[in-house]
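Geometric and topological summary
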Amino acid sequence: MNFSRITGVGFYVPETVVTNHDLEKLMDTSDAWITERSGIKERRFFTEGKDTVSNMGARAAQMAIERAGLTPQDIDFIIFATLSPDYNFPGSGVLLQRELPFREIGALDVRAQCSGFIYGVSIADQFIKSGMYKRILVVGAEIQSNILELSTRNRDFAVLFGDGAGAVVIEKTDNPDRRILSTHLHSEGKYAEDLILEHPGSRLKDRMSTKIVEEGRHLPFMKGSAVFKHAVTRFSEVIDEALQANNLQTTDIDMLVPHQANLRISEAVRQKMGLPEDKVYNNIQKYGNTTAATIPICLSELWEQNRLKEGDLVCLAAFGSGFTWASALIRW
Ligand code: UT7
């Protein structure tokens, strides 16, 4: 039987650190409000001319490939999760393909926003189980600082997001004791407009106009408290679904890695599930919400801290725009 396993993890964040105090100078907000409502203290913003979504993804990928003991030539397929691709088309996966010395392998962009990385892991797992590929690179990378209007009008959104990239290598294994146990994917499109960046899209003849800009419809929009409530419910549901599918209990989890949307969401989920603090990993304090990149960045930091031990039960879970939500249960 073919199984799949994460064998390498890597990440890259841009060097420019933007603190809450920096944002205080640009809009009517405060370090106290941001810290209390989201847990975030600082985030990274990209440098134009240096960082792109695809080259940040490549830096994270290079690290993950090296840590797996491989070279880019060994990779059979690229999955690139992002809501902020370099171009409208082509996707960032093909741009990544030219950043490192890969073979002429397939490259697929995944558009499932905050759940994009877990969707990517699930796709990789299925390709490997089917026998089609042996080694797949899954990347989550975002540049979001340039869709944030750093002003009071957009402050509820602007203070939450940051830029960054994470990557994992997923390889075929026949060891049933160390593998991805299952993945669970969901969506509910009726809430699509509750967390959205509408323009430039393809619905209007003029994809971009002064009217759109004046009305602020080129900026991301979020019904913050509605998203918050759905997130807490769906996170818990999709973690339970993963545990039940594998006849496991909450107490079996060694490490829960939630998508980093808001420290209060992670904390509410932790309390709802009765997990101790040291079994839930958070780094939103340092990076804000980097959307598809949060989970692989967390995994990379956990690996560096030697906190992912052989045989540990690791649960990944995400919720975001779409709405989409997803989980993956891994025997590390
Ligand atoms: O990755 C998935 C996508 N995103 C999420 O999961 C985010 C989900 N939502 C959230 O994290 C929270 O809803 C927010 C952090 C966005 C907001 O926290 P909240 O506790 O739900 O606050 P609120 O929206 O109820 O706003 C409370 C007040 C409002 O003022 P009034 O109407 O009570 O006078 C806002 O205008 O806070 C005000 N406010 C701010 N004040 C200072 C909103 N943004 C800011 C800000 N600084 N940046």
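Keep in mind that this is a model prediction, so the values were computed, not measured.

1. Some remarks on helix α8 (residues 224-245)
Given 3.6 residues per turn, any residue in an α-helix points the same way as the ones three and four places further on. In a regular helix each residue adds 1.5 Å, so 22 residues correspond to 32 Å; α8 covers 31 Å between its end C-alpha atoms and thus fits that length. Those residues of α8 that fall on the buried side of the exposure criterion are Val 227, Ala 231, Val 232, Arg 234, Phe 235, Ser 236, Val 238, Ile 239, Ala 242 and Leu 243. Just past α8, the residue Asn 247 takes up positive phi, approximately 55°.

2. Some thoughts on the sheet that holds strand β13 (residues 324-331)
In space, the four strands of this open sheet follow the order β8-β13-β12-β11, with mixed pairing throughout. Every other strand in the sheet has two partners, leaving β8 (179-187) and β11 (255-258) as the edge strands with one partner each. Averaged over all adjacent pairs, the angle separating strand axes in this sheet is 10°, with direction ignored. In this structure, β11 lies alongside strand β12 (residues 313-320), joined through four bridges in parallel fashion. Its bridge partner lying in β12, Leu 256 is registered against Cys 315. On the sheet, helix α11 (residues 294-304) packs against β11 and β12 and is oriented at approximately 145° with respect to β11.

3. Digging into the nonpolar core
Counting 40 residues, the largest nonpolar core has Ile 239, Ile 253, Leu 256 and Leu 329 as the members making the most contacts within it. When residues of this core are traced back to their parent elements, those giving at least two are α6 (155-158), α8, α9 (263-273), β12 and β13. Element by element, the count of residues in this core is highest for α8, at eight residues. Structurally, this core is a two-domain feature, drawing no fewer than three residues from each of domain 1 (3-173) and domain 2 (179-331). Apart from the residues within four sequence positions on either side, Ile 239 is in contact with Ile 253, Leu 256, Val 269, Met 273, Cys 315 and Ala 317. Listed in part, the 35 residues of the second largest apolar core include Val 9, Tyr 133, Ile 170 and Met 255.

4. Looking at the packing of aromatic side chains
For the coordinates displayed, the defined rule picks out eight aromatic pairs. Both rings, one in Phe 319 and one in Trp 325, keep their centres 6.2 Å apart while their planes meet at 35°; by these two values the pair is tilted. Neither Phe 319 nor Trp 325 differs from the other in exposure class; each is buried. The rings of Tyr 191, Phe 319, Phe 323 and Trp 325 are connected pair by pair, giving a single aromatic cluster. Sitting over the face of the ring of Tyr 12, Arg 59 holds its NZ or CZ atom 4.4 Å from the ring centroid.

Criteria and thresholds
Residues numbered from 1 in each chain as written. Predicted model: local features only at pLDDT ≥ 70, side-chain atom pairs only at ≥ 80, totals over all residues. Heavy atoms only, no water. Helix = DSSP H or I, 4+ residues; strand = E, 2+ residues; numbered from the N terminus. Expected span 1.5 Å × (residues − 1). Buried < 20%, exposed > 50% of the residue type's maximum accessible area, 1.4 Å probe, protein only. Pairing = 2+ DSSP bridges. Axes fitted to C-alpha atoms, helices over the stretch in contact; angles between N-to-C directions. Contact = heavy atoms within 4.5 Å. Core = buried A, V, L, I, M, F, W, Y, C linked by side-chain atoms within 4.5 Å. Domains from an automatic or database assignment. Phe/Tyr/Trp six-rings, centres within 6.5 Å; stacked < 30°, edge-to-face > 60°. Lys NZ or Arg CZ within 6 Å of the ring centre and 35° of its normal.

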